[in-house]
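The primary structure of each chain is shown beneath.
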Amino acid sequence: MALADICKLNFSSKSSLTTLPSNEEVFNAEAQDCFSIPTAPQAASYLSHLSKPDSDVHIKFNHGTTTLAFKFQHGVVVATDSRATAGDYIASQTVKKVIEINPYLLGTMAGGAADCSFWERVLAKQCRVYELRNKERISVAAASKVLANMVYNYKGMGLSMGTMICGWDKRGPGLYYVDSDGQRLNGSMFAVGSGATYAYGVMDAGYSNDMCVEDALALGKRAIYHATHRDAYSGGFVNLYHMKESGWEHISWTDVKDLHYAYKNEKK
Amino acid sequence: KMSRYDRAITVFSPDGHLFQVEYAQEAVKKGATAVGVRGKDIVVLGVEKKSVAQLQEERTVRKICTIDDHVCMAFAGLTADARVIVNKARIECQSHRLTVEDPVTVEYITRYIATVKQRYTQSNGRRPFGLSALIVGFDYDGTPHLYQTDPSGTYHAWKANAIGRSAKTVREFLEENYNADTAASEVETVKLTIKALLEVVQSGSKSMEIAVMRRNHPLQILESAEVEKVVAEIEKQKEEEAEKKQKKMKKSS
């Protein structure tokens, strides 16, 4: 390295603590898909203090959010709120918590925003490479597994990600819950975040597999609204998507304030 | 000079040859013949069984191997090299099932085997694999496939093909006798494979092993009695055709 030469410093390759990444490694496309992990043995235990709540260096993630997705006969409905909080401060009311991986795959964001968007972008790249190599679209099962396996490598090192991978493939509508603990679940209905319990209540009350598209979208929207109404850390706008056989369609971006008065008037 | 460019395989010769790869292909040409035919609902593999020594247990010599429930392969060339390839392919099939939650397509596993073979033509200290493989199977959506790989790492899809000793003769026979009607009939596809092998194999059913795979069924190695029956049918047909020809010639002369 040039600077090391000028300073006449000698970095011997034997000392693991002083091997700095070469130019190649930093700009190499493959290396961009992962983080540099400290070269200590059992890096997870070395990094565990970052995730212990009572530790001095604990990284506090904003898990304040409500995201939901459910399968029904006409595909998958995906709905999220748009509030980002830093403690008691509302950092933003307009966060996009649905990540468009490709025209037929969506991912939701809960937990660390950077973790979600970074890894889902890496997932998008892997899905595209799969498509090119195999001349067919990747299945939702495979895409969610790729993501789950990627983050499992960093288990215990403080990643925070709770996402739902939604899509439509050869097997029909697909919905998987993937999180940074290494959990990967197939299911027909999930809600993730601090407002999840409120969303589940509303969804369970109104859900049926044989719903029409209009009713399903209305249910998703209503579930998010109710979560934002009661959960302090959820709010802003309801971001609503519909996953169909032909791919996803963005339905609406509705202010929860407007929904509040609309539902109120309905009751009259 | 040729001799300077055929030691380390990473070196091209001045006229663009990779001699080690070509020598590997020679090794394949010396191997026992293998034939593959793709039908509509059935895929058939046939291999020439080299004669077994008196005290040798015949059952331990298997030239047709299952790679997964729905894919199998036959090879021509170095048996030990084939064992390594088959092993890698078997592991890759299970790895694919684990990461993608779907069985491999025949094309995928062929591509994998071909990639492994190519890697060995471009690293130093290693020689290429001395075998060509015929890979058959059905994809998840039911389409049958037959692929051939060779030591250089290329692969192609075929309707019917032969590798190993006298491959050219057998392939020419297949070109003349393969048609859509044959492919549509399971019986005819098996018959064609046996007929093609008989072009090379002298002593009839004892020196050949035939395996069939039907959609959603595991590989089935035909009993020698069954093969014997088909061979007998083929011989009878040949005799009948020879008689007809003689009669025609007598009439015309």
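Parameters at a glance
Residues numbered from 1 in each chain as written. Chains lettered and ligands numbered in written order. Predicted model: local features only at pLDDT ≥ 70, side-chain atom pairs only at ≥ 80, totals over all residues. Heavy atoms only, no water. UniProt positions renumbered as here; feature names shortened; annotations may be inferred. Helix = DSSP H or I, 4+ residues; strand = E, 2+ residues; numbered from the N terminus. Buried < 20%, exposed > 50% of the residue type's maximum accessible area, 1.4 Å probe, protein only. Contact = heavy atoms within 4.5 Å. Polar contact = N/O pair within 3.5 Å; in protein donor to acceptor, adjacent residues only side chain to side chain. Pairing = 2+ DSSP bridges. Axes fitted to C-alpha atoms, helices over the stretch in contact; angles between N-to-C directions. Salt bridge = Lys/Arg side-chain N within 4 Å of Asp/Glu carboxyl O.

In the annotation of an unreviewed UniProt entry, the entry for chain B reads Proteasome subunit alpha type, and the organism field reads Ciona intestinalis. Taken verbatim from the UniProt record of chain B, the Subunit (unreviewed entry) comment is "The 26S proteasome consists of a 20S proteasome core and two 19S regulatory subunits."

Identification of chain A as Proteasome subunit beta from Ciona intestinalis is taken from an unreviewed UniProt entry. Under the UniProt heading Catalytic activity (unreviewed entry), the entry covering chain A gives this text: "Cleavage of peptide bonds with very broad specificity."

Engineer: Which parts of the structure should I look at to understand the environment of Asp-81 of chain B?
Structural biologist: All names here are of chain B. Looking at where Asp-81 falls in the secondary structure, it is placed in helix α2 (residues 79–100). A residue is classified by how much of its surface remains accessible, and Asp-81, at 8% relative accessible area, is buried. When the C-alpha positions of Asp-81 and Glu-199 are compared, they lie 27 Å apart, and in sequence the two are 118 residues distant. Among all residues touching Asp-81, those that are not within four sequence positions of it are Arg-127, Pro-128, Phe-129, Gly-130 and Leu-131. Only 2.7 Å separates the side chain of Asp-81 from the side chain of Arg-127, close enough to count as a polar contact.

Engineer: Before we go on, may I ask you to explain the UniProt feature "coiled-coil region" (unreviewed entry) in chain B in this structure?
Structural biologist: Taken from the UniProt record, the annotation "coiled-coil region" (unreviewed entry) applies to residues 222–252 of chain B. Helix makes up 94% of residues 222–252 of chain B and strand 0%, and the two end C-alpha atoms of the span are 43 Å apart.

Engineer: Any chance you could explain the sheet that holds strand β5 (residues 131–138) of chain B here in plain terms?
Structural biologist: Residue and element names in this part refer to chain B. Read from one edge to the other, the open sheet built from 5 strands follows the order β3-β4-β5-β6-β7, with strand pairing classed as antiparallel. Two strands lie at the open edges of the sheet, namely β3 (64–68) and β7 (155–157), each paired on one side alone. This sheet shows a mean twist of 25° between the axes of neighbouring strands, independent of strand direction. As defined by bridge partners, β3 adjoins strand β4 (residues 71–77) across 4 bridges and the pair is classed as antiparallel. Residue Thr-66 lies in a different strand from β4, and its bridge partner there is Cys-72. Along the sheet face, α2 touches β3, β4 and β5 and points at about 20° away from the line of β3. Each of β3, β4, β5, β6 (144–149) and β7 touches helix α3 (residues 106–119); the most contacted strand, β5, lies at about 165° to it.

Engineer: How should the pattern of salt bridges be read in this particular structure?
Structural biologist: Think of it this way: side chains of opposite charge can pair up when their charged atoms draw near. Following the criterion strictly, the structure yields 22 salt bridges over all chains and no others. Residue Arg-97 of chain B pairs with Asp-68 of chain B through a salt bridge whose shortest N-O separation is 3.0 Å. One end of the pair, Arg-97 of chain B, is in helix α2; the other, Asp-68 of chain B, is in strand β3, and 29 residues separate them in sequence. By relative accessible area, Asp-68 of chain B is classed as buried at 8%. Salt-bridge contacts for Asp-69 of chain B lead to Arg-97 of chain B; the nearest nitrogen and oxygen are separated by 4.0 Å. Within this pair, whereas Asp-69 of chain B is found in the loop between β3 and β4, its partner Arg-97 of chain B is found in helix α2, the two being separated by 28 residues in sequence. Owing to a relative accessible area of 55%, Asp-69 of chain B belongs among the exposed residues under this scheme. When its relative accessible area of 29% is taken as the criterion, Arg-97 of chain B is described as partly exposed. Several salt bridges share partner residues, and in doing so they unite Lys-145 and Arg-184 of chain A together with Glu-101 of chain B into one network.

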